[in-house]
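Remarks on the overall topology
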Amino acid sequence: MPVAVSILGLSVFALGTSEFMLSGLLPPIAADMDVTIPQAGLLISAFAIGMVIGAPLLAVATLRLPRRTTLIALISLFGLGQIAGAVAPSYGFLFASRVVSALACAGFWAVGAAVAIAMVPQNARARAMAVMIGGLSIANVLGVPAGAFLGEYWGWRAAFWAVAAASAVALVGILLKIPHIPLPAAAERPTLGRELRIYRDRQVWLSVAITALAAGGVFCAFSYLAPLLTEVAGLGSRWVPWVLGLFGVGALIGTTVGGRVADGRLFGVLLSGITASTVLLAGLALLASSAVAAVGLSFLLGVSTFFTAPALNARMFNVAGAAPTLAGATTTAAFNLGNTGGPWLGGTVISAGHGFAATAWAGAAMTLTALALTALSLRLHRHTPTRVVTGSATGSPSPVPTPPP
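Bear in mind the structure is a predicted one, so any value in this text is a computation, not a measurement.

Some remarks on the overall build of the protein chain
Along its length, the protein chain carries 15 helices and zero strands. For the protein chain, buried positions account for 56% of its 405 residues. Sequence-distant contacts, at least 24 apart, represent 85% of the contacts inside the protein chain between residues at least 6 apart. If you sum the accessible surface of the protein chain, you get close to 16,000 Å²; carbon and sulfur atoms cover 70% of it.

Quick notes on the pattern of salt bridges
Scanning the model with the defined rule gives one salt bridge in all. Note that Asp32 and Arg157 form a salt bridge whose closest N and O atoms lie 3.2 Å from each other. With a gap of 125 residues between them, Asp32 in helix 2 (residues 26-33) and Arg157 in helix 7 (residues 156-177) connect regions that are remote in the sequence. What makes Asp32 partly exposed here is its relative accessible area of 42%. Owing to a relative accessible area of 25%, Arg157 belongs among the partly exposed residues under this scheme.

So, the nonpolar core
Judged by nonpolar contacts, the single largest core of 92 residues is most densely connected at Leu8, Ile29 and Trp109. For this core, the element with the most residues is helix 5 (residues 91-118), which contributes 14 residues. Here Trp109 is in contact with Val12, Leu15, Met51, Met132, Ile133, Leu136 and Thr332, once residues within four sequence places are set aside. Grouped together as the second largest cluster of nonpolar side chains are 21 residues, Leu266, Phe267, Phe307 and Ala314 included.

Some thoughts on unusual backbone geometry
The phi dihedral of Asp34 is positive, around 60°, even though this residue is not glycine. Within the secondary structure, Asp34 is located in the loop between helix 2 and helix 3 (37-61). By relative accessible area, Asp34 is classed as exposed at 71%.

Side note on the confidence of the model for the protein chain
Regions with low pLDDT should not have their predicted coordinates read in detail. Of all residues in the protein chain, 87% attain a pLDDT of 70 or more, and the chain-wide mean is 80. Across the protein chain, the element-wise mean pLDDT spans from 65 in helix 8 (residues 192-196) up to 94 in helix 12 (residues 266-287).

Considerations on the packing of aromatic side chains
Inspection of every chain in the model, using the stated rule, returns six aromatic pairs. Ring centres 5.6 Å apart and planes at 80° place the aromatic pair Trp156 and Phe160 in the edge-to-face group. Linking Trp156 with Phe160, this pair stays in helix 7, spanning four residues, or about one helical turn. Residue classification places Trp156 among the buried residues on the basis of a relative accessible area of 4%. The class for Phe160 is buried, based on a relative accessible area of 1%. Consider the rings of Phe247 and Phe306, whose centres lie 6.4 Å apart with planes at 80°: the pair is edge-to-face. Taken together, the residues span a long stretch of sequence, with Phe247 in helix 11 (residues 240-262) and Phe306 in helix 13 (residues 291-319) at a distance of 59 residues. Across the pair, Phe306 and Phe247 agree in class, each one buried.

Some details on the environment of Val279
Position of Val279 relative to the elements: it lies in helix 12. With relative accessibility at 55%, the residue Val279 sits in the exposed group. C-alpha separation for the pair Val279 and Thr367, spaced 88 residues apart in sequence, amounts to 9.5 Å.

Things to note about the environment of Phe356
Residue position: Phe356 is located in the loop between helix 14 (324-351) and helix 15 (358-383). Given the relative accessible area of 25%, Phe356 is considered partly exposed. With 125 residues separating them along the chain, Phe356 and Glu231 place their C-alpha atoms 8.2 Å apart. Setting aside anything within four residues of it in sequence, one finds Phe356 in contact with Tyr224, Pro227, Leu228, Glu231, Val232 and Ile350.

Digging into a nonpolar patch on the surface
The grouping of Leu80, Ile83, Val87, Phe93 and Trp161 at the surface amounts to a nonpolar patch, some 470 Å² of accessible area in total. Note on placement: Phe93 falls in helix 5. Overall, Phe93 belongs to the partly exposed group, its relative accessible area being 40%.

Some words on the packing of helix 11 against helix 13
It is at 6 Å that the axes of helix 11 and helix 13 come closest, and there the two elements cross at 35°. The crossing of helix 11 and helix 13 is right-handed. Residues that form the contact of helix 11 with helix 13 fall into these classes: 16 nonpolar, seven polar and no charged.

Each value, and the rule that gives it
- Residues numbered from 1 in each chain as written.
- Predicted model: local features only at pLDDT ≥ 70, side-chain atom pairs only at ≥ 80, totals over all residues.
- Heavy atoms only, no water.
- Helix = DSSP H or I, 4+ residues; strand = E, 2+ residues; numbered from the N terminus.
- Buried < 20%, exposed > 50% of the residue type's maximum accessible area, 1.4 Å probe, protein only.
- Contact = heavy atoms within 4.5 Å.
- Areas by Shrake-Rupley, 256 points an atom, 1.4 Å probe, with all protein chains shown as cover.
- Salt bridge = Lys/Arg side-chain N within 4 Å of Asp/Glu carboxyl O.
- Core = buried A, V, L, I, M, F, W, Y, C linked by side-chain atoms within 4.5 Å.
- pLDDT = per-residue confidence, 0-100.
- Phe/Tyr/Trp six-rings, centres within 6.5 Å; stacked < 30°, edge-to-face > 60°.
- Patch = residues over 30% accessible without salt bridge, like charges linked within 9 Å, V, L, I, M, F, W, Y side chains within 5 Å.
- Axes fitted to C-alpha atoms, helices over the stretch in contact; angles between N-to-C directions.
- Left-handed = near helix turned anticlockwise from the far one by under 90°.
- Nonpolar A, V, L, I, M, F, W, Y, C, P; charged D, E, K, R; others polar.

The following block contains the structure:
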């Protein structure tokens, strides 16, 4: 695995920490900005929506730009967004900084995924994506708790400064280790029309739906795990960060195992992982009143959720390999559709008076639908196998130079 792919994983660590750390910083932000906690919570929604919108827009806008230059520009913009958040004088300014950061994050995910895929052979795609997603898993294990710790002892702005510093380290790594990828000849350069043709393939839309439902089903329950642990399972609030960290440990294990297995058994990973998530969500709904069961199921849910993540990413590149940048953008948007829609459904269930445990039932319904669509995708794949087109990060079938060791 090229060192450059690990650099991309380090970058994703900074991106993921910024995306998720606000869940532990809402009370101090609300107090400092003189807004309610639900209003502060809109900062999380703004980031997710910015990711959904920004991924395809940035992919199209940077389609014919050098990949390395694009990555440098996006990680720099992301870092500046963190600095803007750290010095934000008002809620509106902080909100705007989150939108800018989300756009840069979305663009980096899309382009970075295309670069990672292009630097490895086809039978190592899932492993390459596992390295990038591993950065997100480590963000859940280390970055998010560290952000909460900084917010507790040095104020919430310190967490933004820390992510800005991590972004600067990632920038140095990109400058040193990401190779220059020459643009192809004019006739071979990617065009918007050529890239948009991937949306004619029903397998692409199936992959979008499967990804959004699989991610959304888990985060439908995970978003409300803290009140479920305290109000239903009876744990003290001091246990919540530890359980969230345990979910992150499970995510790291799932990513590592899934990335190694998915290249040879992609549909096997999808079917088994989504099935496991469905069963675990149903178990959480049934056993939520047991603290031991809730903690154990949270860990296992982290494993099953991220076990499928490399396969979900690799599947999109397999069915949309002729448009690698837009494929990466589409996957990013699909995950964030799930991250937006799942919590919304969970909140709707709670508002209807069904309780926190019911969010797990709602999530199980989403993952069960994802499982049915995966079975349909497999059936279509067997009858009309997808012709995989191996493209470079620029859209050209030519190989990408190997980065320095």
